[in-house]
Amino acid sequence: MCGIIGYAGFRDAAQVLMQGLLLLEYRGYDSFGIAIDTVTDLTIMKRVGRISDVKQSIICGAEDAENRGTVGIGHTRWATHGPPSDINAHPHSDCTKTIAIVHNGIIENYHTLKEKLISDGHVFSSETDSEVIAHLIEDVMYPKQNQGRKTLVEAVEIVTDMIIGSYAILALAQGTNEIVAVRCKSPLVLGLGDGEFLFASDMLPIIEYTDQVIYPDDGDIIHINQTGYYVHKRGGNKTGVPYNITTLTLSPQQVKKGGYPHYMLKEIYEEPEALYRSIRSITPDTLPKSLKDTQCITVVACGTSYHAGMIFSYMLEEATSKLVRLEIGSEFKYATSPVHGLLLAISQSGETADTVAAVKRGRCFNAESVAITNVLGSSITREADHTLLMHAGPEISVAATKSFIAQLGVLLQIVNCLHNEDFNNELTRVHQAIVPVLSLSFDTAVDLCMDAEHMFYVGRGVFYPIVMEGALKLKEISYIHAEAYAAGELKHGPFALLSSKTPVVAVCLPGSTYAVMIGNLKEMKARGTPLIVLGDPRSPELIELADHIIPIKPEGTMIDIFTTSVALQLLAYHIAAKLERDIDKPRNLAKSVTVE
Ligand code: F6R
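Residues numbered from 1 in each chain as written. Predicted model: local features only at pLDDT ≥ 70, side-chain atom pairs only at ≥ 80, totals over all residues. Heavy atoms only, no water.

## Comments concerning unusual backbone geometry
Applied cut-off: Put simply, DSSP marks the helices as runs of H or I at least four residues long and the strands as runs of E at least two long, and each gets a number from the N terminus on. When accessible area is computed with a 1.4 Å probe and restricted to protein chains, residues below 20% of their type maximum are described as buried, those above 50% as exposed, and intermediate ones as partly exposed.
Residue P91 follows H90 across a cis peptide bond; omega there is 0 degrees. Tracing the backbone through its elements, the reader meets P91 in the loop between strand 4 (71-77) and strand 5 (92-93). Of note, K97 is a non-glycine position whose phi angle comes to about 60 degrees, a positive value. Along the chain, the position of K97 falls in the loop between strand 5 and strand 6 (99-107). Residue K97 is classed as partly exposed on the basis of its relative accessible area, which comes to 43%. In this structure, N177 takes a positive phi of about 55 degrees despite not being glycine. Looking at the secondary structure, you find N177 in the loop between strand 7 (165-173) and strand 8 (179-184). Judged by relative accessible area, N177 falls into the partly exposed class, the value being 23%.

Listed below in structure tokens is the structure:
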């Protein structure tokens, strides 16, 4: 939610910031802006809309030589306080227009602070919570009596004692040629180049310039200029703290579209490799002992990650005697029953506020925690006792696809490792089994859905969470309203909505649920619904019932979970592509949800 970037070096900062913001746009794309310290001036350029929609020369004032500088900050916004507008776009500045800040997060006590600042004579330009930060810094740097002035570094440190909430903040003051940063519960990475230093919400904009990064801790005050970086603990002495420098293995090439029309399609095509890596990363030796020993696991996650957790719970309870309690991240704080055993948190980004909070809450019950995430150094990895990386590689498209498949790879391999008996390990070849699904044609299925405003997705057993994920994918990228139901539940109400205008997508593969699914499909067919079924194309019942069969070769549940999931992702993708939706950046969404 919101992406921030800062650059201090020898390049044209506006260019570096704009290119970086393009890579951060998946975090929010309501509006954007940059501030450049030109030494004689602080130039702020910001506007509503997407960076990709605007000619870069206009934004960077490329023709305007006096707007150039080598130190600057930038922001791409996902609106929380105040609607998307030029005024509410970041950077925000103070009354003197010599201080600029960008902020990712929420300032919870902004209202009280704003009232006090206004009564002290400050004039606000925006409706955002973030603007208070600029005015607070101004108050400390330029006090009324002109006495006790502070530097930008000192001011940022003092201001962080006044604000409550979650934040990653970058601050710039005209003529100082430095950027000061602080974070608390919002992501921030510092890149260390040769004569250039960058801050960003994630490493994507950094890898173009350096593979050396630092993940600052909450409360650290970090400042960069063209000659170096300096870190000290908030309230601690200013001599600096030693930091572990991480070398990234990601190449700039990996975050490009590589000829695909959308990142989503590219990421789906990367699934066989991602799955192979994720399964391989889990062995009985890499599993934390507590995960092996515990009898109860509380799984907490949001959205797609929650669906992965749900599949895990079906499969683990079937294969072992362990008990799984499943909680939606945002609801977990209202659950009063204590956490017994281990807490397993699943989050692609590692930044989802509710999932990270769940790990902290688990600690109150003395529950050891394991995080499954895709992002090394993310907030969840700092909070959890153990981290298992899913190794999906960077996921840029807002809709989670390959990370879901990699999560399932990790989770089902855990099931595999915890299984008591000898297990015929289908997971060793599942990455190959999904390859043929990538070349299936979805044309007929897409045509059946083209005019639909509402759709239903149905499945039974472990295929129920799979259709939940399929429906989520469809609604977020196509904007068609899609509801997922356990197939037996439709009769308990939703049947009233079925008609020839409500296509039903069903997963119906041979196995224990097959016969009863066929019965359910017949009931739906009798109400005139078009039926699209993911199933064995040789099944006589399906040939008779389905308007279209998406052919899935039945290979046993462990493999069918993956093949059907990939097919449902592709179905959603092709429907959205035909509707010409903005697939990688669906309206109103952001990839990492860092607010409750
Ligand atoms: C849907 C999607 C979201 C995320 C959810 C949790 O395609 O991407 O539902 O799954 O916001 O995000 P993470 O896994 O980063 O915690």
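Following the structure, the description resumes.
## Regarding the pattern of salt bridges
Basically, it comes down to this: When a carboxyl oxygen of Asp or Glu is within 4 Å of a side-chain nitrogen of Lys or Arg, the pair counts as a salt bridge.
According to the stated counting rule, one finds 25 salt bridges in the structure shown. Close ionic contact of D202 with R27 constitutes a salt bridge, the shortest N to O distance being 4.0 Å. One end of the pair, D202, is in the loop between strand 10 (197-200) and strand 11 (212-214); the other, R27, is in the loop between helix 1 (13-24) and strand 2 (31-37), with 175 residues separating them in the sequence. Across this residue pair, the class does not change: D202 and R27 are buried. For the salt bridge of R363 with E383, the shortest nitrogen-to-oxygen distance reads 2.9 Å. Linking R363 in helix 11 (residues 353-364) with E383 in helix 12 (residues 379-383), this pair joins segments that are 20 residues apart in sequence. Given the relative accessible area of 40%, R363 is considered partly exposed. Residues participating in the shared-partner salt-bridge network are D217, D220, K233 and R382.

## Side note on the nonpolar core
For the record, the criterion: We define a nonpolar core as any set of buried Ala, Val, Leu, Ile, Met, Phe, Trp, Tyr and Cys residues linked to one another through side-chain atoms lying within 4.5 Å.
Within the largest apolar cluster, 85 residues are counted, with the highest numbers of intra-cluster contacts made by I414, Y457 and F562. The element best represented in this core is helix 20 (residues 557-578), accounting for 13 residues. Formed by 32 residues, the second largest nonpolar core is a distinct cluster that contains M18, F32, I34 and L198.

## With respect to the site of the ligand
To be explicit about the condition: For each residue, the test is whether any non-hydrogen atom lies within 4 Å of the molecule or strand; if one does, the residue is near. Two N or O atoms form a polar contact when they lie within 3.5 Å of each other; inside protein one atom must be a possible hydrogen donor and the other a possible acceptor, and for residues adjacent in sequence the pair counts only when both atoms belong to side chains.
In the vicinity of the ligand, 14 residues are found, and the nearest of them are S305, S347, S349, T352 and E476. Between the ligand and S347 there is a distance of 2.6 Å, counted from an oxygen atom to a side-chain nitrogen or oxygen. The contact in question runs from an oxygen atom of the ligand to an N or O atom on the backbone of Q348, over 2.7 Å. Within the residue set of the shell around the ligand, elements represented by two or more residues are helix 9 (303-319) and helix 17 (463-478).

## Concerning the packing of aromatic side chains
Operational definition: A pair of Phe, Tyr and Trp rings is counted when the ring centres sit within 6.5 Å of each other, with Trp represented by its six-membered ring. The angle between the planes then sorts it: under 30 degrees is stacked, over 60 is edge-to-face, the rest tilted. We call a charge positioned above a ring when the Lys NZ or Arg CZ atom is no farther than 6 Å from the ring centre and deviates by at most 35 degrees from the ring normal.
Counting across every chain of the model gives four aromatic pairs. Here Y7 and Y209 contribute two aromatic rings whose centre-to-centre distance is 6.3 Å and whose plane-to-plane angle is 50 degrees, an arrangement assigned as tilted. With Y7 in strand 1 (residues 3-8) and Y209 in the loop between strand 10 and strand 11, the pair connects residues that are 202 residues apart, well separated along the chain. Among the residues examined, Y7 registers a relative accessible area of 0% and is labelled buried. Their ring planes at 50 degrees and their centres at 6.2 Å tell us that F197 and Y229 sit as a pair that is tilted. Within this pair, whereas F197 is found in strand 10, its partner Y229 is found in strand 13 (residues 228-233), the two being separated by 32 residues in sequence. What makes F197 buried here is its relative accessible area of 7%. By relative accessible area, Y229 is classed as partly exposed at 28%. Seen from the ring of F332, R361 lies directly overhead, with NZ or CZ sitting 5.0 Å from the centre. Over the face of the ring belonging to Y479 we find R587, whose NZ or CZ atom lies 3.8 Å from the ring centre.

## Description of the environment of N104
We apply this condition: Residue contacts follow a heavy-atom distance rule, with two residues in contact if any of their heavy atoms lie within 4.5 Å.
Within the secondary structure layout, N104 lies in strand 6. Looking at N104, the relative accessible area reads 0%, which means it is buried. Sequence separation of N104 and K185 is 81 residues, and the distance between their C-alpha atoms is 9.9 Å. Among residues more than four places away in sequence, those in contact with N104 are M1, C2, I4, R27, S166, Y167, A168, S186, P187, S201 and T594.

## Thoughts on the packing of helix 3 (residues 110-119) against helix 4 (residues 131-141)
As a reminder of what qualifies: All axes are obtained by fitting lines to C-alpha atoms, using only the stretch in contact for helices, and the reported angles, taken between N-to-C directions, cover 0 to 180 degrees. Angular relationships are summarised with four words: roughly parallel below 35 degrees, roughly antiparallel beyond 145, roughly perpendicular across 65 to 115, and oblique for the angles in between. Helix crossings fall into two classes, left-handed where the near helix is turned counterclockwise from the far one by less than a right angle and right-handed where it is turned clockwise. Residue classes follow a fixed rule: Ala, Val, Leu, Ile, Met, Phe, Trp, Tyr, Cys and Pro count as nonpolar, while Asp, Glu, Lys and Arg count as charged, and any other residue, Gly among them, counts as polar.
Running from N to C, helix 3 and helix 4 cross one another at 50 degrees; their axes reach a closest spacing of 10 Å. In terms of their interaxial angle, helix 3 and helix 4 are classed as oblique. For the element pair helix 3 and helix 4, the recorded crossing hand is left-handed. In this structure, helix 3 uses Y110, L113, K114 and L117 to contact helix 4, whose residues at the interface are V132, H135, L136 and D139. Residue classes in the contact of helix 3 with helix 4 are distributed as five nonpolar, one polar and two charged.

## Focus on helix 17
Condition: A helix is expected to reach a length of 1.5 Å times the quantity of its residues less one.
In this model, helix 17 (16 residues) spans 22 Å end to end at C-alpha, consistent with the 22 Å of a helix rising 1.5 Å per residue. Most of helix 17 sits out of view: 13 of its 16 residues are buried. In the stretch just after helix 17, Y479 is the one whose phi turns positive, near 70 degrees.

## Considerations on helix 5 (residues 152-160)
For helix 5, a buried count of seven out of nine residues is recorded, marking the element as mostly surrounded by other parts of the structure. Every buried residue of helix 5 is accounted for by L152, V153, A155, V156, E157, V159 and T160. Residues of helix 5 that are buried sit in contact with helix 4, strand 7, strand 8, strand 12 (220-225) and strand 13.

## Thoughts on the sheet that holds strand 1
Hydrogen bonds between backbone atoms are what pair the strands of a sheet, whose relative direction is either parallel or antiparallel. Short version of the rule: In this description, strands pair whenever DSSP reports at least two bridges between them.
Read from one edge to the other, the open sheet built from eight strands follows the order 3-2-4-1-10-9-11-14, with strand pairing classed as antiparallel. Across the chains shown, the open sheet's two edge strands, defined by having one partner strand only, are strand 3 (42-48) and strand 14 (246-247). Where strand 2 and strand 3 come together, seven bridges link them in antiparallel fashion. Within strand 3, the residue paired with D37 across the bridge is L42.

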